[in-house]
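# Descriptive structure summary
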Amino acid sequence: TQEQLLQKGKMAAVGSLVSGLCHELNNPMAAIRMSLDLMVRRKLAPERQRETLEVIERQSQRCVSLVKALREFSSRPAVIREPCEVGAVVGRVIELVGPQLSRRRLSLDARLAAAELPRLHLHGAELETALRHVVTNALEASPEGGTVTLEARPLAREGTQGVEVAVIDHGPGISPDTLPHVIEPFFTTKPPGEGTGLGLSLTHRFIDAHGGTLNIESERGRGTTVRMWLPAAPVLETAASAEGEAPLQ
Ligand code: ADP
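Each chain has its residues counted from 1, following the order in which its sequence is written. Only residues with pLDDT of at least 70 get local features here, since the model is predicted, and only at 80 or more are side-chain atom pairs given and counted; chain-wide, interface and lining totals rely on the full set of residues.

As recorded in an unreviewed UniProt entry, the chain goes by the name histidine kinase, listed as coming from Hyalangium minutum.

### Some details on the nonpolar core
Within the largest apolar cluster, 35 residues are counted, with the highest numbers of intra-cluster contacts made by V86, L131 and V135. Secondary structure elements with two or more residues in this core: α3 (86–96), α5 (124–141), β4 (147–154), β5 (162–169), α6 (199–209), β6 (213–219) and β7 (223–231). In DSSP terms, a helix is any run of H or I states spanning at least four residues, a strand is any run of E spanning at least two, and both are numbered starting from the N terminus. Sorting elements by how many residues they give to this core places α5 first, with seven residues. Residues in contact with V86, not counting those within four places in the same chain, are L117, L120, A152 and V163. A set of buried Ala, Val, Leu, Ile, Met, Phe, Trp, Tyr and Cys residues, joined to one another through C-beta atoms within 7 Å, is what we call a nonpolar core. The exposure label follows from counting other C-beta atoms within 10 Å of a residue's C-beta, where the C-beta atoms are placed from the backbone and the thresholds are 20 or more for buried and 12 or fewer for exposed, leaving partly exposed in between. Distance between backbone-placed C-beta atoms decides contact: two residues are in contact if it is within 7 Å.

### Structural notes on the environment of I216
Mapped onto the fold, I216 is located in strand β6. Remark: the alpha-carbon pair of I216 and C22, spanning 194 residues in sequence, is separated by 29 Å. Once residues within four sequence positions are removed from consideration, I216 is found in contact with L179, V182, T224 and V226.

### Remarks on the site of the ligand
To decide nearness, the C-beta atom of each residue is placed from the backbone, and the residue is near a molecule or strand if that atom lies within 6 Å of it. In the vicinity of the ligand lie 20 residues, with N137, T188, G195, G199 and L200 positioned nearest. Of all the secondary-structure elements, those providing two or more residues to the shell around the ligand are α5 and α6. Here the shell around the ligand gets four residues from one element, more than from any other, and that element is α5. Under the scheme applied, nonpolar residues are Ala, Val, Leu, Ile, Met, Phe, Trp, Tyr, Cys and Pro; charged residues are Asp, Glu, Lys and Arg; polar residues are all the others, including Gly. When grouped by side-chain class, the residues that make up the shell around the ligand number seven nonpolar, 11 polar and two charged.

### As for the packing of α5 against α6
The axes of two packed helices give the description: the angle between them and the distance between them. Angles here are taken between N-to-C directions and fall from 0 to 180 degrees, while the axes themselves are lines fitted to C-alpha atoms, restricted in helices to the stretch in contact. The interhelical angle for the contact between α5 and α6, taken along N-to-C directions, is 140°, at an axis separation of 9 Å. In terms of orientation, α5 lies oblique with respect to α6. For α5 against α6, the interelement crossing comes out left-handed. When α5 is examined against α6, the residues E126, A130, H133, V134 and N137 are found in contact with a partner set consisting of G199, L200, T203, F206 and I207. Note on angle classes: values under 35 degrees are labelled roughly parallel, values over 145 roughly antiparallel, values of 65 to 115 roughly perpendicular, and the remainder oblique. Should the near helix be turned anticlockwise from the far one by less than a right angle, the crossing is left-handed, and should it be turned clockwise, the crossing is right-handed.

### A word on α5
Here α5 contains 18 residues, and its C-alpha end-to-end distance of 26 Å stays within 8% of the 26 Å for a straight helix at 1.5 Å per residue. For α5, every residue scored as buried is listed here: E126, L127, A130, L131, H133, V134, V135, N137, A138 and L139. Each residue after the first adds 1.5 Å to the expected span of a helix.

### Focus: the pairing of β4
At least two DSSP bridges between two strands are required for those strands to pair. As paired elements, strand β2 (residues 107–112) and β4 share six bridges and run parallel to each other. Opposite S107, over in β4, you have T147 as the bridge partner. Bridge count between β4 and β5: six bridges; the pairing is antiparallel. Bridge pairing in β5 links L150 to V167.

This is the structure in C-alpha coordinates:
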(Lines give C-alpha, C1' and ligand atoms only; values in the text may rest on other atoms or scores of the structure.)
Protein backbone atom coordinates (compact mmCIF):
# COMPACT_ATOMS: atom_id res chain seq x y z
CA THR A 1 0.00 0.00 0.00
CA GLN A 2 0.91 3.67 -0.20
CA GLU A 3 1.43 3.73 3.55
CA GLN A 4 3.90 0.84 3.41
CA LEU A 5 5.68 2.44 0.48
CA LEU A 6 6.21 5.60 2.47
CA GLN A 7 7.35 3.64 5.50
CA LYS A 8 9.82 1.85 3.24
CA GLY A 9 10.90 5.25 1.95
CA LYS A 10 11.48 6.43 5.49
CA MET A 11 13.74 3.47 6.28
CA ALA A 12 15.57 3.97 3.01
CA ALA A 13 15.96 7.66 3.92
CA VAL A 14 17.83 6.74 7.08
CA GLY A 15 19.92 4.27 5.08
CA SER A 16 20.88 6.78 2.43
CA LEU A 17 21.67 9.45 5.00
CA VAL A 18 23.93 7.05 6.84
CA SER A 19 25.68 5.77 3.72
CA GLY A 20 26.20 9.33 2.47
CA LEU A 21 27.69 10.33 5.79
CA CYS A 22 29.95 7.26 5.94
CA HIS A 23 31.29 8.11 2.53
CA GLU A 24 31.92 11.74 3.52
CA LEU A 25 33.62 10.78 6.79
CA ASN A 26 35.78 8.10 5.26
CA ASN A 27 38.05 10.43 3.32
CA PRO A 28 39.13 12.72 6.19
CA MET A 29 39.50 9.72 8.52
CA ALA A 30 41.76 7.96 6.02
CA ALA A 31 43.86 11.13 5.71
CA ILE A 32 44.16 11.38 9.49
CA ARG A 33 45.22 7.75 9.84
CA MET A 34 47.81 8.08 7.10
CA SER A 35 49.25 11.21 8.70
CA LEU A 36 49.39 9.59 12.13
CA ASP A 37 51.10 6.59 10.62
CA LEU A 38 53.75 8.86 9.12
CA MET A 39 54.28 10.63 12.43
CA VAL A 40 54.62 7.42 14.41
CA ARG A 41 56.69 5.31 12.06
CA ARG A 42 58.92 7.75 10.22
CA LYS A 43 61.52 10.18 11.43
CA LEU A 44 60.16 13.26 9.72
CA ALA A 45 62.02 16.53 9.39
CA PRO A 46 60.45 19.21 11.64
CA GLU A 47 59.01 21.01 8.65
CA ARG A 48 57.29 17.81 7.40
CA GLN A 49 56.06 17.11 10.93
CA ARG A 50 54.33 20.48 11.02
CA GLU A 51 52.72 19.94 7.63
CA THR A 52 51.49 16.52 8.73
CA LEU A 53 50.00 17.91 11.92
CA GLU A 54 48.26 20.57 9.88
CA VAL A 55 46.69 17.88 7.71
CA ILE A 56 45.41 16.17 10.85
CA GLU A 57 44.01 19.43 12.16
CA ARG A 58 42.24 20.29 8.89
CA GLN A 59 40.81 16.85 8.36
CA SER A 60 39.57 16.43 11.92
CA GLN A 61 37.90 19.84 11.58
CA ARG A 62 36.15 18.47 8.51
CA CYS A 63 34.83 15.51 10.52
CA VAL A 64 33.54 17.88 13.19
CA SER A 65 31.71 20.02 10.60
CA LEU A 66 30.17 16.96 8.97
CA VAL A 67 28.83 15.71 12.27
CA LYS A 68 27.50 19.20 13.04
CA ALA A 69 25.66 19.31 9.70
CA LEU A 70 24.16 15.90 10.33
CA ARG A 71 23.08 16.92 13.80
CA GLU A 72 21.32 20.00 12.40
CA PHE A 73 19.60 17.90 9.78
CA SER A 74 18.49 15.18 12.15
CA SER A 75 17.50 17.30 15.13
CA ARG A 76 13.82 17.93 15.35
CA PRO A 77 13.05 21.59 14.78
CA ALA A 78 10.57 23.12 17.22
CA VAL A 79 7.04 22.57 15.97
CA ILE A 80 5.27 25.90 15.79
CA ARG A 81 1.50 25.87 16.10
CA GLU A 82 -0.35 29.04 15.29
CA PRO A 83 -3.57 29.77 13.39
CA CYS A 84 -2.98 29.67 9.65
CA GLU A 85 -5.30 30.30 6.70
CA VAL A 86 -4.44 27.84 3.93
CA GLY A 87 -6.00 30.09 1.26
CA ALA A 88 -3.54 32.88 2.04
CA VAL A 89 -0.58 30.49 1.94
CA VAL A 90 -1.68 29.07 -1.41
CA GLY A 91 -2.02 32.64 -2.72
CA ARG A 92 1.57 33.45 -1.71
CA VAL A 93 2.91 30.29 -3.35
CA ILE A 94 1.10 31.15 -6.60
CA GLU A 95 2.68 34.60 -6.52
CA LEU A 96 6.14 33.19 -5.87
CA VAL A 97 6.11 30.78 -8.80
CA GLY A 98 4.80 33.44 -11.23
CA PRO A 99 8.16 34.01 -12.95
CA GLN A 100 8.64 30.26 -13.39
CA LEU A 101 5.24 30.07 -15.13
CA SER A 102 5.89 32.77 -17.68
CA ARG A 103 9.40 31.50 -18.48
CA ARG A 104 8.06 28.17 -19.69
CA ARG A 105 4.51 29.21 -20.67
CA LEU A 106 3.04 27.05 -17.92
CA SER A 107 -0.30 27.61 -16.24
CA LEU A 108 -1.31 26.98 -12.69
CA ASP A 109 -4.95 26.10 -12.28
CA ALA A 110 -5.83 26.87 -8.66
CA ARG A 111 -9.07 25.38 -7.37
CA LEU A 112 -9.66 26.24 -3.79
CA ALA A 113 -12.73 26.66 -1.73
CA ALA A 114 -10.90 29.17 0.49
CA ALA A 115 -13.94 30.12 2.55
CA GLU A 116 -14.76 26.49 3.39
CA LEU A 117 -11.28 25.50 4.47
CA PRO A 118 -10.85 25.03 8.22
CA ARG A 119 -8.08 27.05 9.81
CA LEU A 120 -4.90 25.05 10.46
CA HIS A 121 -2.54 25.35 13.40
CA LEU A 122 0.99 25.47 12.12
CA HIS A 123 3.65 27.88 10.97
CA GLY A 124 2.38 29.53 7.76
CA ALA A 125 5.92 30.15 6.47
CA GLU A 126 6.79 26.47 6.86
CA LEU A 127 3.65 25.37 5.04
CA GLU A 128 4.49 27.87 2.30
CA THR A 129 7.99 26.36 1.90
CA ALA A 130 6.61 22.81 1.85
CA LEU A 131 3.98 23.67 -0.76
CA ARG A 132 6.48 25.64 -2.83
CA HIS A 133 8.76 22.57 -3.04
CA VAL A 134 5.90 20.41 -4.30
CA VAL A 135 4.58 23.01 -6.77
CA THR A 136 8.10 23.72 -8.08
CA ASN A 137 8.70 20.00 -8.63
CA ALA A 138 5.40 19.77 -10.54
CA LEU A 139 6.26 22.79 -12.71
CA GLU A 140 9.77 21.51 -13.41
CA ALA A 141 8.32 18.12 -14.41
CA SER A 142 5.74 19.71 -16.74
CA PRO A 143 6.32 19.96 -20.47
CA GLU A 144 6.52 23.51 -21.86
CA GLY A 145 3.03 25.01 -22.10
CA GLY A 146 1.64 22.48 -19.60
CA THR A 147 -0.80 22.97 -16.75
CA VAL A 148 -0.38 22.16 -13.07
CA THR A 149 -3.51 21.90 -10.96
CA LEU A 150 -3.51 22.95 -7.33
CA GLU A 151 -6.54 21.95 -5.28
CA ALA A 152 -7.31 22.66 -1.64
CA ARG A 153 -10.44 21.24 -0.04
CA PRO A 154 -11.75 20.43 3.41
CA LEU A 155 -11.29 16.72 4.17
CA ALA A 156 -12.08 14.92 7.41
CA ARG A 157 -10.22 11.73 8.26
CA GLU A 158 -11.36 9.36 10.95
CA GLY A 159 -13.41 12.14 12.48
CA THR A 160 -10.57 14.69 12.36
CA GLN A 161 -11.23 17.87 10.39
CA GLY A 162 -8.48 18.80 8.02
CA VAL A 163 -7.41 20.15 4.67
CA GLU A 164 -6.15 18.27 1.65
CA VAL A 165 -3.92 20.07 -0.80
CA ALA A 166 -3.28 18.25 -4.06
CA VAL A 167 -0.75 19.22 -6.71
CA ILE A 168 -1.29 17.49 -10.04
CA ASP A 169 1.07 17.55 -13.00
CA HIS A 170 1.19 15.84 -16.41
CA GLY A 171 4.93 15.37 -16.52
CA PRO A 172 6.88 12.13 -17.08
CA GLY A 173 5.83 10.61 -13.75
CA ILE A 174 8.01 8.67 -11.33
CA SER A 175 8.83 4.99 -11.88
CA PRO A 176 7.69 2.52 -9.20
CA ASP A 177 11.37 1.78 -8.41
CA THR A 178 12.11 5.43 -7.77
CA LEU A 179 8.92 6.35 -5.92
CA PRO A 180 9.92 5.00 -2.46
CA HIS A 181 13.17 7.00 -2.64
CA VAL A 182 11.84 10.46 -3.45
CA ILE A 183 11.40 11.46 0.19
CA GLU A 184 14.94 10.41 1.11
CA PRO A 185 17.18 13.33 2.00
CA PHE A 186 19.65 14.07 -0.84
CA PHE A 187 17.78 11.87 -3.33
CA THR A 188 17.54 13.71 -6.62
CA THR A 189 17.38 12.84 -10.31
CA LYS A 190 18.10 16.44 -11.30
CA PRO A 191 21.47 17.50 -12.71
CA PRO A 192 24.07 18.64 -10.16
CA GLY A 193 23.44 22.20 -9.09
CA GLU A 194 19.73 22.03 -9.94
CA GLY A 195 18.39 19.74 -7.25
CA THR A 196 19.42 19.27 -3.64
CA GLY A 197 17.12 16.32 -3.01
CA LEU A 198 15.99 17.94 0.22
CA GLY A 199 12.64 19.41 -0.88
CA LEU A 200 10.40 16.39 -0.41
CA SER A 201 12.22 15.08 2.66
CA LEU A 202 11.77 18.41 4.45
CA THR A 203 8.15 18.61 3.28
CA HIS A 204 7.55 15.09 4.58
CA ARG A 205 9.18 15.87 7.90
CA PHE A 206 7.09 19.03 8.34
CA ILE A 207 3.80 17.25 7.54
CA ASP A 208 4.70 14.31 9.77
CA ALA A 209 5.48 16.60 12.70
CA HIS A 210 1.95 18.01 12.41
CA GLY A 211 0.24 14.63 12.29
CA GLY A 212 -0.54 14.90 8.58
CA THR A 213 0.18 12.63 5.63
CA LEU A 214 2.03 12.97 2.34
CA ASN A 215 0.88 10.73 -0.50
CA ILE A 216 2.45 10.50 -3.91
CA GLU A 217 0.73 8.73 -6.79
CA SER A 218 2.50 8.58 -10.06
CA GLU A 219 2.23 6.86 -13.37
CA ARG A 220 5.01 6.77 -15.96
CA GLY A 221 4.05 8.93 -18.91
CA ARG A 222 0.87 10.22 -17.24
CA GLY A 223 2.01 12.47 -14.44
CA THR A 224 2.18 12.81 -10.70
CA THR A 225 -0.28 13.75 -7.98
CA VAL A 226 1.07 14.78 -4.59
CA ARG A 227 -1.52 14.92 -1.80
CA MET A 228 -0.83 16.58 1.50
CA TRP A 229 -3.33 16.20 4.27
CA LEU A 230 -3.09 18.25 7.43
CA PRO A 231 -5.36 18.10 10.47
CA ALA A 232 -7.01 21.36 11.51
CA ALA A 233 -6.54 21.04 15.26
CA PRO A 234 -3.06 21.27 16.74
CA VAL A 235 -1.71 17.76 17.24
CA LEU A 236 -0.01 16.96 20.49
CA GLU A 237 3.05 14.82 20.16
CA THR A 238 2.43 11.09 20.30
CA ALA A 239 4.98 8.60 21.56
CA ALA A 240 5.17 7.04 18.09
CA SER A 241 5.92 10.28 16.25
CA ALA A 242 8.44 11.35 18.88
CA GLU A 243 10.23 8.04 18.49
CA GLY A 244 10.19 8.16 14.70
CA GLU A 245 11.71 11.62 14.63
CA ALA A 246 14.32 11.11 17.33
CA PRO A 247 17.65 12.67 16.42
CA LEU A 248 20.46 10.27 15.55
CA GLN A 249 22.88 10.19 18.46
P1 ADP B 1 14.91 17.91 -5.87
O2 ADP B 1 13.71 18.59 -6.46
O3 ADP B 1 15.94 18.86 -5.37
O4 ADP B 1 15.48 16.84 -6.75
P5 ADP B 1 13.00 16.68 -4.07
O6 ADP B 1 13.21 16.01 -2.75
O7 ADP B 1 12.01 17.80 -4.11
O8 ADP B 1 14.44 17.16 -4.53
O9 ADP B 1 12.59 15.59 -5.16
C10 ADP B 1 13.33 14.39 -5.27
C11 ADP B 1 13.10 13.74 -6.61
O12 ADP B 1 11.74 13.28 -6.72
C13 ADP B 1 13.30 14.62 -7.84
O14 ADP B 1 14.66 14.74 -8.19
C15 ADP B 1 12.49 13.87 -8.89
O16 ADP B 1 13.20 12.76 -9.38
C17 ADP B 1 11.33 13.29 -8.08
N18 ADP B 1 10.12 14.11 -8.21
C19 ADP B 1 9.57 14.91 -7.28
N20 ADP B 1 8.43 15.48 -7.72
C21 ADP B 1 8.24 15.04 -8.98
C22 ADP B 1 7.23 15.26 -9.99
N23 ADP B 1 6.18 16.06 -9.78
N24 ADP B 1 7.37 14.59 -11.18
C25 ADP B 1 8.42 13.76 -11.40
N26 ADP B 1 9.40 13.53 -10.49
C27 ADP B 1 9.32 14.15 -9.31
